[in-house]
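# Tertiary structure, described
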Amino acid sequence: MASHPQPSPVVRAAAGADTAAIAAVLGRAFDDDPFWAWLLPDERSRVRRLSGLFGLTLRKIHLPHGATETAGRGAEIEAAALWDPPGHWRVSAGKQAAQTLPLLRVLGTRMPAALRALGEIERHHPPEPHWYLAVLGTDPAAQGNGLGGALLRSRLDRCDAEGVAAYLESSKERNVPYYERFGFRVTRELPLPGKACPPVWLMWRDPAPGP
């Protein structure tokens, strides 16, 4: 029997109505991530808590910037990329204060560990202008279908056209070669505070030269 070709990924800008679907996809996508598995060791509640965390950051941080995109092979959201424009990656003190109680409900007793680790990551965030890929994730059931690559090309093509760099932190070592195929390079393997906390890989991408 002949196999049917997979439909090409459809990339589109995310809207507020997509928040729950994106958060659910990212919660499942990061269930096996070493950093989040360390921070949220209870396997039974991890996906639910991660979905709550991503839902919060989508509403309060990423969606207002208008740069979050989703991908799928049809109408269903199967992957998402949360980008922040140059100069807008830092969360203001006011927003941080407003998120304290919601974050505490999601992270519980792990909140101090999360703040220490995320604060160390932020401390090493490069000051040069860049697009920041805060999160990229694909639903495990849809991985291997080119959705992540479609999302990366969507923004990186514009970075190249505008001559703007891009930056990300990978918390999964096996993803480093994947990002390198899109022009990112590791600038540092960053150890994080906390007993047995896994490191993250800081990755920078210069815009591709024009023709």
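Please read these numbers as outputs of a predicted model, since none were measured by experiment.

Further remarks concern the sheet that holds strand β1 (residues 10–13). Across the sheet, which stays open at both edges, the 7 strands sit in the order β1-β2-β3-β4-β5-β7-β6 with mixed pairing between neighbours. Each edge of the sheet is formed by a strand with only one pairing partner; in this case those strands are β1 and β6 (185–190). For this sheet, the mean angle separating the axes of adjacent strands, direction not counted, is 25°. Note that strand β2 (residues 69–72) and strand β3 (residues 79–84) share 3 bridges and pair antiparallel. Along β3, the bridge assignment pairs Ala-71 with Ala-79. Along the sheet, helix α1 (residues 19–29) contacts β2, β3 and β4 (130–138); its crossing angle with β4, the most-contacted strand, is approximately 75°. Against the sheet, helix α7 (residues 147–162) contacts β1, β2, β3, β4, β5 (165–170) and β7 (200–205), and its axis sits at roughly 170° relative to β4.

A word on α1. One full turn of an α-helix is made of 3.6 residues, so residues set three or four places apart face in the same direction. When we look at burial in α1, the residues that qualify are Thr-19, Ile-22, Ala-23, Val-25, Leu-26, Gly-27 and Ala-29. Those residues of α1 that are buried are in contact with α3 (43–62), β2, β3 and β4.

This part is about the environment of Ala-29. Relative to the helices and strands, Ala-29 is located in helix α1. Put simply, Ala-29 and Ile-121 are 92 residues apart on the chain and 21 Å apart in space, counted from C-alpha to C-alpha. Residues in contact with Ala-29, not counting those within four places in the same chain, are Gly-137, Thr-138 and Pro-140.

Here we come to the side chain of Arg-155. Tracing the chain through its elements places Arg-155 in helix α7. As a buried residue without a salt bridge, Arg-155 has its nearest oppositely charged side chain in Glu-69, at a separation of 4.5 Å. Those residues in contact with Arg-155, other than ones at most four positions away along the chain, are Ala-67, Glu-69, Trp-83 and Trp-131.

This part takes up the pattern of salt bridges. One pass over the full model with this rule turns up 11 salt bridges. A salt bridge links Asp-18 to Arg-12, with the nearest nitrogen and oxygen atoms 2.9 Å apart. Ionic pairing is found between Glu-69 and Arg-158, a salt bridge with its closest N-O pair at 2.7 Å. Highlighted residues: Glu-69 in strand β2 and Arg-158 in helix α7, separated in sequence by 89 residues. Accessibility expressed as a relative area gives 7% for Glu-69, which makes it buried. Ionic contacts of the salt-bridge type, sharing partners, join the residues Asp-32, Lys-172 and Arg-174 into one network.

Time to look at the pairing of β3. Remember that side chains alternate between the two faces of the sheet whenever the strand is regular. The buried fraction of β3 amounts to 6 of the 6 residues, a majority that puts the element mostly inside the structure. Hairpin geometry of β2 and β3 is characterised by an intervening segment of 6 residues between the two adjacent antiparallel strands. Direction of pairing for β3 relative to β4: antiparallel, over a ladder of 6 bridges. Paired with Asp-84 across the bridge in β4 is Tyr-132.

Let's shift gears to unusual backbone geometry. Although it is not a glycine, Ala-196 adopts a positive phi angle of roughly 65°. One can find Ala-196 in the loop between β6 and β7. Among the residues examined, Ala-196 registers a relative accessible area of 69% and is labelled exposed.

Turning to the packing of aromatic side chains, a few remarks are in order. Evaluated as defined, the whole model comprises 8 aromatic pairs. Seen in terms of ring centroids, Phe-35 and Trp-38 are 6.0 Å apart; in terms of plane orientation they differ by 35°. Their pairing is tilted. One end of the pair, Phe-35, and the other, Trp-38, are both in helix α2 (residues 34–39), 3 residues apart, so they sit about a helical turn from each other. Here Trp-38 falls in the buried class, since its relative accessible area comes to 15%. Plain terms: the ring middles of Tyr-178 and Tyr-179 are 5.7 Å apart, the flat faces sit at 70° to each other, and that makes the pair edge-to-face. Taking the relative accessible area as the measure of exposure, Tyr-179 reaches 8% and is therefore buried. An aromatic cluster of at least three residues, connected via ring pairs, comprises Tyr-178, Tyr-179, Phe-182 and Phe-184. The cationic tip of Arg-110 hangs over the ring face of Trp-38; the distance from NZ or CZ to the ring centre is 4.8 Å. One residue, Arg-155, lies across the ring of Trp-131, its end atom 4.0 Å from the ring centre.

Thresholds applied
Residues numbered from 1 in each chain as written. Predicted model: local features only at pLDDT ≥ 70, side-chain atom pairs only at ≥ 80, totals over all residues. Heavy atoms only, no water. Pairing = 2+ DSSP bridges. Helix = DSSP H or I, 4+ residues; strand = E, 2+ residues; numbered from the N terminus. Axes fitted to C-alpha atoms, helices over the stretch in contact; angles between N-to-C directions. Contact = heavy atoms within 4.5 Å. Buried < 20%, exposed > 50% of the residue type's maximum accessible area, 1.4 Å probe, protein only. Lys, Arg positive; Asp, Glu negative; His and termini not counted. Salt bridge = Lys/Arg side-chain N within 4 Å of Asp/Glu carboxyl O. Phe/Tyr/Trp six-rings, centres within 6.5 Å; stacked < 30°, edge-to-face > 60°. Lys NZ or Arg CZ within 6 Å of the ring centre and 35° of its normal.

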